[in-house]
Amino acid sequence: MPLSVSSVIALRAQHAAWRAEGQRIGFVPTMGALHEGHLSLVRLLKAKADRVTASIFVNPRQFAAHEDLDAYPRDLAGDFAKLADAGCDLIFTPERAAMYPQGFATSVQVGGVSEGLESSARPHFFGGVATVVAKLLLQTQPHCAAFGEKDYQQLLVVRALARDLDFPVEILAGPTLREADGLAMSSRNAYLSTAQRAIAPHLHGQLQSCAARIRARQAITPALRLAEAALIKAGFDQVDYIALRGPEDLAPLPGPTLDRPARLLAAVKLGATRLIDNIAVEAAA
Ligand code: AMP
């Protein structure tokens, strides 16, 4: 079983001991309810570091009042077993009151890549993410930390945070792990009813069809509108966005057709559940 700590003092003591032995430390922050996507990040770090620490913390500051903080799936015993299996060395499970004690008044705001897309529907989100990631990176002080491409805008926000504030950490990206039918693995997939679960893979399917059209030099805007209509037809209740952006800065592309590598990103709602996904779109040779 991996070691487990819930205080920053104990976390720092263990990491100091490893560093004193010259060991490289990799870190993966999670909100628990772990699946293969999370575990793939542990495995990615196992190949890059001598020791891997994972945190499990459902961060209240990235949920708005009307969102699913209380309902967010929790399975600490299952998470420990999965992390042990993946070769994780240390599990950090801070208490909410220790992360955000009475009087906590600091917020980290990343500009640029955090604007638009997710922020349009969830304006509070990246402030909460950047604040907790900054705290966790300062608490753990890892050599490298891994984040999933599944949350592509978040990955770019974390990269910007680390770059702009000179965090001495290498940010690694792991590819999106998917179910056999293409649905991106997500802790929130547990919310889906059987009927909704049957609709959900169409998100990835429509991203792929849309990307194929854009790669074939069809005009970008009509291809996006076609995909949006197809998502509603497939049974999604709402399309928050489907957008083609620059893969590094998330800037809109000049168009009208693809002339450079891009990222296709979408967010949809299925009942009360919000799903996001994204894929790379390379210009055909
Ligand atoms: P979460 O627990 O949802 O906050 O996610 C923790 C980390 O796991 C983040 O860096 C996510 O991007 C990553 N992650 C979540 N789902 C997947 C997936 N399907 N494939 C790869 N990484 C993922």
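The structure this text deals with has already been given above.
Keep in mind the model is a prediction, meaning the values are calculated, not measured.

Within the secondary structure, K135 sits in helix α6 (residues 125-140). Here K135 occupies a buried position and makes no salt bridge, while the nearest side chain of opposite charge, E95, is found at 14 Å. Among all residues touching K135, those that are not within four sequence positions of it are M99, Y100 and F104.

Within this structure, the stated rule accounts for four aromatic pairs. With centroids separated by 6.1 Å and ring planes inclined at 45 degrees, the aromatic side chains of F57 and Y100 adopt a geometry described as tilted. Residue F57 is found in the loop between β3 (51-56) and α3 (76-86), and its partner Y100 is found in the loop between α4 (96-99) and α5 (118-121); the two are separated by 43 residues along the sequence. Summarising the burial analysis for this pair, F57 and Y100 share the class buried.

Turning to the site of the ligand, a few remarks are in order. In the region of the ligand, 17 residues are neighbours, and H38, G148, D151, L177 and M185 sit closest. At 2.6 Å from an oxygen atom of the ligand is found a side-chain nitrogen or oxygen belonging to D151. Here the shell around the ligand gets three residues from one element, more than from any other, and that element is helix α2 (residues 36-46). Residue composition of the shell around the ligand, by class: eight nonpolar, seven polar and two charged.

Taken as a whole and assessed by the stated rule, the structure comprises 15 salt bridges. Among the ionic pairs, E118 bridges to R274, the shortest N-O distance being 2.8 Å. Of this pair, E118 sits in helix α5 while R274 sits in strand β9 (residues 273-281), and the two are 156 residues apart along the sequence. Between R178 and D277 there is a salt bridge, and its shortest N-O distance comes to 2.8 Å. Taken together, the residues span a long stretch of sequence, with R178 in the loop between β6 (170-174) and α8 (194-199) and D277 in strand β9 at a distance of 99 residues. Residues joined by salt bridges that share partners form a network here, namely K46, R51 and D89.

Time to look at the pairing of strand β5 (residues 144-148). The buried fraction of β5 amounts to five of the five residues, a majority that puts the element mostly inside the structure. Here β5 shows no split at all, with C144, A146 and G148 on one side and A145 and F147 on the other all buried. Across two bridges, strand β2 (residues 25-30) lies against β5 in parallel orientation. Its bridge partner lying in β5, F27 is registered against A145. Judged from the five bridges that link them, β5 and β6 form a sheet pairing that is parallel. Bridge pairing links F147 to A173 in β6.

Turning to the environment of A234, a few remarks are in order. Counting through the fold element by element, A234 comes out in helix α10 (residues 220-234). You can call A234 partly exposed: its relative accessible area is 23%. Distance from A234 to I9, taken between C-alpha atoms, is 50 Å for residues 225 residues apart in sequence. Residues contacting A234, with those up to four places away along its chain left out, are I199 and H202.

Residue P256 is reached from G255 by a cis peptide bond, and omega for that bond is 0 degrees. With respect to the helices and strands, the residue P256 is situated in the loop between β7 (238-245) and β8 (262-270). Of note, the phi angle at Q141 is positive, near 45 degrees, even though the residue is not glycine. Along the chain, Q141 turns up in the loop between α6 and β5. Its identity as a non-glycine residue notwithstanding, L250 has a phi of 60 degrees, on the positive side. Positionally, L250 belongs in the loop between β7 and β8. The exposure class of L250 is buried, given its relative accessible area of 4%.

What counts and what doesn't
Residues numbered from 1 in each chain as written. Predicted model: local features only at pLDDT ≥ 70, side-chain atom pairs only at ≥ 80, totals over all residues. Heavy atoms only, no water. Helix = DSSP H or I, 4+ residues; strand = E, 2+ residues; numbered from the N terminus. Buried < 20%, exposed > 50% of the residue type's maximum accessible area, 1.4 Å probe, protein only. Lys, Arg positive; Asp, Glu negative; His and termini not counted. Salt bridge = Lys/Arg side-chain N within 4 Å of Asp/Glu carboxyl O. Contact = heavy atoms within 4.5 Å. Phe/Tyr/Trp six-rings, centres within 6.5 Å; stacked < 30°, edge-to-face > 60°. Near = heavy atom within 4 Å. Polar contact = N/O pair within 3.5 Å; in protein donor to acceptor, adjacent residues only side chain to side chain. Nonpolar A, V, L, I, M, F, W, Y, C, P; charged D, E, K, R; others polar. Pairing = 2+ DSSP bridges.

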